[in-house]
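A closer look at the structure
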Amino acid sequence: MENTTREQTKLWNKYYILVVLLNTLNAFSFYMVVTILSKYLVNIGISIATAGVIVGLFSITSLCCRPFSGLLADRLSNVTLLKWSNIFMGVGLLGFAFVTSEPLIVFFRIINGIGFAFSGTCQIALASKYIPQNRMGEGIGYLGLGMVIGSAVAPGIGVAVSEHLEMQATFLMAAALTAVAFGILFIFHEPKKKEKLKKKISFGDILAVEALPFTSVAGSFSFINGIISSYLVLYADELGISGVSVYFTVCAIVLFVVRPFSGKLMDKKGIRVTVLPGLAVTACSMFILGRSTSLVLILITGILRSLGQGAAQPSLQAGCINRVGTDRSGVATSTYYLGGDIFQGIGPMIGGAIIGAVAGAAGFRVLFDISGILMICALVFFAFVTRKEK
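As the structure is a computational prediction, the values presented were derived from the model and not from experiment.

Cut-offs and rules
Residues numbered from 1 in each chain as written. Predicted model: local features only at pLDDT ≥ 70, side-chain atom pairs only at ≥ 80, totals over all residues. Heavy atoms only, no water. Helix = DSSP H or I, 4+ residues; strand = E, 2+ residues; numbered from the N terminus. Rg over C-alpha atoms; globule rule 2.2 N^0.38 Å. Contact = heavy atoms within 4.5 Å. Areas by Shrake-Rupley, 256 points an atom, 1.4 Å probe, with all protein chains shown as cover. Lys, Arg positive; Asp, Glu negative; His and termini not counted. Charge placed at Lys NZ, Arg CZ, Asp CG, Glu CD. pLDDT = per-residue confidence, 0-100. Buried < 20%, exposed > 50% of the residue type's maximum accessible area, 1.4 Å probe, protein only. Phe/Tyr/Trp six-rings, centres within 6.5 Å; stacked < 30°, edge-to-face > 60°. Lys NZ or Arg CZ within 6 Å of the ring centre and 35° of its normal. Patch = residues over 30% accessible without salt bridge, like charges linked within 9 Å, V, L, I, M, F, W, Y side chains within 5 Å. Salt bridge = Lys/Arg side-chain N within 4 Å of Asp/Glu carboxyl O. Core = buried A, V, L, I, M, F, W, Y, C linked by side-chain atoms within 4.5 Å. Expected span 1.5 Å × (residues − 1). Axes fitted to C-alpha atoms, helices over the stretch in contact; angles between N-to-C directions. Parallel < 35°, antiparallel > 145°, perpendicular 65-115°, else oblique. Left-handed = near helix turned anticlockwise from the far one by under 90°. Nonpolar A, V, L, I, M, F, W, Y, C, P; charged D, E, K, R; others polar. Disulfide = S-S within 2.5 Å.

Thoughts on the overall build of the protein
In terms of helices and strands, the protein carries 15 helices and 0 strands. In terms of C-alpha radius of gyration, the protein reaches 21 Å, essentially the compact-globule figure of 21 Å for 390 residues. By its C-alpha atoms, the protein is 60 × 55 × 35 Å across when sized along the principal axes. Counted over contacts in the protein with a minimum sequence separation of 6, partners at least 24 positions apart contribute 85%. Just so you have it, the protein exposes about 16900 Å², and 69% of that area is on carbon and sulfur atoms. Charged side chains in the protein number 30 positive and 18 negative. The centres of these two groups are separated by 8 Å.

What follows is the structure, given as structure tokens:
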């Protein structure tokens, strides 16, 4: 490794660019498969209910691995951990391509999930070493664009490959991307830790308590993401609105544009300047969504939600690292992601209960209103905990 973060003034240095490339490759590998996995499992004779459980194992595995990924990222070589994470992801994807036994499919899904969980944490921890301290928000903002691009483009590629060739070809292509990422990691020369590896593990090595206020606010965005991804299409069907899938493309485009600028703004003006308006705009989008009667209005709410989320989320993630310190960037990142994993899982569960209790479009309206109220509560909470921030 060359100069560390504190010695650098240039954001777009060689190693930061490589970490961005790694993030993009892993994002494409993930999103190419996510859209076809359930269908593939049903095609090979697995029941729909079991297929849902297998797909959900990814999130459960990720949630269980988050605390340990942060601990290891701070104590071991991030480059070595990323090599192993790409091996795990690649092996999991190859397993999907060549195995039809249900127990083995479950095994490979867990392996894939472990690899992806460590990948996200270690990429941020590694990138933070090459991002200048005074440009952390901007650097985190750009780093997340790989996931944004992947979520917008890769599902279409995965579906196209599966239709023109076969589903196994999609898994093989996704595995090939992890192999490319694995090869890129050999360009890095990360030195061994100067301090001896601590044997004793403290609570602070697993969970960054000082980052929890930021994590809980970021979790409110994850809660809404879980609601939108699970119930927007059903809501549109209830209203008789077609073509709602374009909503996700519009959101990805807005996020792509907003994230880098919000990071720069946070670095210059402070975290409250981006997070508080972001929460307010997102709350408004949810209240409007519950009263939308046309595709155009739904798309407008998507633009508003993405503006708010794109402004706030990179700032919250960078804020976690700044508050905890780059020496503990691994646990700061895993704590941030842990909140997202929990809230994104809770959202659909609460949503299902509300929609089941209140029939028709009214149930969705109640759900979206509750989401908006949650964002307002997060706004008030964040304004309070950061009231002394410059």
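Let's pick the thread back up.
Some thoughts on the confidence of the model for the protein
Of the residues in the protein, 93% reach a pLDDT of 70 or more, and the chain-wide mean stands at 83. With pLDDT under 50 throughout, residues 1–7 is counted as low confidence; its partners more than four residues away or in other chains account for 18 contacts.

Topic: helix α6 (residues 136–143)
Think of an α-helix as 3.6 residues a turn; residues three or four steps apart then line up on the same face. In terms of burial, α6 is largely enclosed, as 8 of its 8 residues are buried. Along α6, the residues that are buried comprise Met136, Gly137, Glu138, Gly139, Ile140, Gly141, Tyr142 and Leu143. Each element contacted by the buried residues of α6 is listed here: α1 (14–34), α5 (102–128), α7 (145–164), α11 (246–269) and α13 (295–324).

Quick word on the packing of aromatic side chains
Under the defined criterion, the tally for this structure stands at 14 aromatic pairs. Ring geometry for Phe107 versus Phe108: centroids 5.3 Å apart, planes at 70°, classification edge-to-face. The class of Phe108 is buried, set by a relative accessible area of 14%. Here the aromatic residues Trp12, Tyr16 and Tyr142 are joined through ring pairs into a cluster of three or more. The aromatic ring of Phe186 is capped on one face by Lys83, whose charged end is 3.9 Å from the ring centroid. Just above the ring of Phe384 sits the side chain of Arg387; from NZ or CZ to the centre is 4.1 Å.

With respect to the environment of Met173
Structurally, the position occupied by Met173 is in helix α8 (residues 167–184). Taking the relative accessible area as the measure of exposure, Met173 reaches 35% and is therefore partly exposed. Separated by 156 residues in sequence, Met173 and Ser329 have C-alpha atoms that sit 32 Å apart. Setting aside residues up to four positions removed in sequence, Met173 forms contacts with Met32 and Val161.

Quick look at a nonpolar patch on the surface
A grouping of Leu63, Ile342, Ile346 and Ile350 is seen on the molecular surface, where their side chains present a nonpolar patch of about 270 Å² in accessible area. In terms of residue count, helix α14 (residues 329–357) provides more of the nonpolar patch than any other element does, 3 residues in total. For Leu63, the position within the fold is in helix α3 (residues 48–75).

Some points on the nonpolar core
Counting 80 residues, the largest nonpolar core has Phe188, Leu316 and Phe382 as its most contacted members. No other element matches the 12 residues that helix α10 (residues 212–239) contributes to this core. What Phe382 contacts, discounting residues up to four positions off in sequence, is Phe214, Val217, Ile271, Arg272, Val275, Leu276, Leu279 and Leu316. Within the second largest apolar cluster, 18 residues are counted, among which are Leu37, Ile54, Ile105 and Ala175.

What about the side chain of Thr61?
For Thr61, the location among the structural elements is in helix α3. Aside from chain neighbours lying at most four places away, what touches Thr61 is Ile110, Gly113 and Ile114.

Considerations on the environment of Leu145
As for its position among the elements, Leu145 is in helix α7. Spatially, the C-alpha atoms of Leu145 and Thr61 are 24 Å apart, while their sequence positions differ by 84 residues. For Leu145, the residues in contact, after removing those within four places along its chain, are Leu255, Phe256, Arg259 and Pro260.

Some points on α11
Taking 1.5 Å as the rise per residue, α11 with 24 residues should run 34 Å; its terminal C-alpha atoms sit 34 Å apart, in good agreement. Here α11 has its buried residues at Tyr247, Val250, Cys251, Ala252, Val254, Leu255, Val258, Arg259, Pro260, Ser262, Gly263 and Met266.

Considerations on the packing of α10 against α13
Look at α10 against α13: their axes get within 9 Å of each other, and the N-to-C directions meet at 150°. Classified by the interaxial angle, the pair formed by α10 and α13 is roughly antiparallel. Seen from above, α10 lies across α13 with left-handed handedness. Residues Phe214, Thr215, Val217, Ala218, Phe221, Ser222, Ile224, Asn225, Ile228 and Leu232 of α10 touch α13, and the partners they reach there are Ile298, Arg305, Gly308, Gln309, Ala312, Gln313, Leu316, Gly319, Cys320 and Arg323. Broken down by class, the residue content of the contact of α10 with α13 amounts to 11 nonpolar, 7 polar and 2 charged.

Brief notes about the state of the cysteines
Tallied over the full model, the rule gives 0 disulfides. Among the cysteines around Cys122, which has no disulfide bond, Cys65 carries the closest sulfur, lying 11 Å off. For the unlinked cysteine Cys377, the closest cysteine sulfur is that of Cys284, found at 14 Å. Judged by its relative accessible area of 48%, Cys377 is partly exposed.

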